[in-house]
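Secondary and tertiary structure notes
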Amino acid sequence: MISTRLHPDKQSAAQAIAREMADLIRLRSESGKATVLGLATGSTPLPLYAELIRLHREEGLSFRSVVTFNLDEYEGLAPAHPQSYRFFMEANLFRHLDIPAANIHVPDGLAADADGHCAAYERAIRAAGGIDLQILGIGRTGHIGFNEPPSPADSRTRRVHLDEVTRQDNSVFFGDVAQVPHGALTMGVATILEARRVALLAFGSAKAAIVARAVKETPSADCPATWLQRHPDCVFHLDAAAAERL
Ligand code: F6R
């Protein structure tokens, strides 16, 4: 089931979700348990990551007991490539926290055996105890992670082909659409649905149409975010512009 939560703006949403994450991390670490977070890249989670960094610096929130799994990575980009998702995560979150390097997982866009790497990624998530809280954005194609249409509900971590709409949208980061890779490695829909809690963030009017489809359409591979309706605890955190078609 998808429930929606309206926030006055993306900063307020970031504060609310960061607080939820901090409570979860503290509660679990008090009983000696790790917290496993599923993380997204892109513009949407940036205020959330800034708030987590602030909580670490100003309120002593420790990430020593946190294990992370990123959703996806472009195929063919090295970790040091400025547009790789590994680089993005290091620059915007990890390097500012006390999270142990060994606890961080991002798919390897250069894996020689991509299929074997994806299967190992699934095993690593399971070995860590599964994802406690998965952060998601949503693409205009209805993708979550890089699960472009058509992505079935039982899809797992795998190589995918990026939709041209997504390549166009993400070209703002590359400067030129020709530079945007055609392929990626992504957690699957089933991988995402296994997270115990899911928080999807969407802000601005450009996301209004796809948010409405995700919430209202019958679940199908044509709009992969609709599969979230089958999750028992999925919250869409929205501002008024993103919620205007609900
Ligand atoms: C990123 C990811 C994507 C983005 C989506 C929205 O790791 O998995 O699904 O969340 O493309 O991107 P932004 O936030 O840039 O609009």
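Attention here is on the structure that accompanies the text. (Residues numbered from 1 in each chain as written. Predicted model: local features only at pLDDT ≥ 70, side-chain atom pairs only at ≥ 80, totals over all residues. Heavy atoms only, no water.)

Attention now moves to the sheet that holds strand β7 (residues 158-161). In spatial order, the strands read β4-β8-β7; together these three strands make up an open sheet with antiparallel pairing. Of all the strands in the sheet, the pair left with one neighbour each is β4 (72-74) and β7. Averaged over all pairs of adjacent strands, the angle between their axes in this sheet comes to 30°, without regard to strand direction. Pairing analysis gives four bridges linking β7 to strand β8 (residues 183-186), with the strands arranged antiparallel. The residue bridging H161 from the neighbouring strand is G183, located in β8. Sitting on the sheet, helix α4 (residues 114-127) is in contact with β7 and β8, with an inclination near 120° to β7. (Pairing = 2+ DSSP bridges. Helix = DSSP H or I, 4+ residues; strand = E, 2+ residues; numbered from the N terminus. Axes fitted to C-alpha atoms, helices over the stretch in contact; angles between N-to-C directions. Contact = heavy atoms within 4.5 Å.)

Below, the discussion takes up the site of the ligand. Around the ligand, a shell composed of 13 residues is seen, among which T44, D72, H143, G145 and K207 lie nearest. Side-chain polar atom of T41 to an oxygen atom of the ligand: 2.8 Å apart, as the coordinates give it. Measuring from an oxygen atom of the ligand, one finds a side-chain N or O atom of K207 at 2.7 Å. In isolation the ligand offers 410 Å² of accessible surface; the protein chains occlude 92% of this area. Placement of the ligand is best described as lying within the largest pocket. Looking at the shell around the ligand, its residues break down into three nonpolar, eight polar and two charged. (Near = heavy atom within 4 Å. Polar contact = N/O pair within 3.5 Å; in protein donor to acceptor, adjacent residues only side chain to side chain. Areas by Shrake-Rupley, 256 points an atom, 1.4 Å probe, with all protein chains shown as cover. 1 Å grid on protein atoms, 1.4 Å probe; cavity = no way out; pocket = protein on both sides within 12 Å on 5 of 7 lines; lining within 4 Å. Sits in = over half its atoms within 2 Å of the grid points. Nonpolar A, V, L, I, M, F, W, Y, C, P; charged D, E, K, R; others polar.)

Omega for the peptide link from P149 to P150 comes to -5°, which places this bond in the cis form. Tracing the chain through its elements places P150 in the loop between β6 (133-136) and β7.

Turning next to helix α5 (residues 164-174). Those residues of α5 lying buried are T166, R167, N170, S171 and F174. Around the axis of α5, the buried residues are gathered within 150° of arc, so they sit on the same side. Those residues of α5 that are buried lie in contact with β4 and α3 (85-92). You can read the cap of α5 off the contacts: a side-chain oxygen lies 2.9 Å from the backbone nitrogen of V165, and it is on D163. After α5 finishes, the residue G175 shows a positive phi value of roughly 90°. (Buried < 20%, exposed > 50% of the residue type's maximum accessible area, 1.4 Å probe, protein only. Arc of directions from axis to C-beta.)

Without other data, these values stay purely geometric and don't point to any function.
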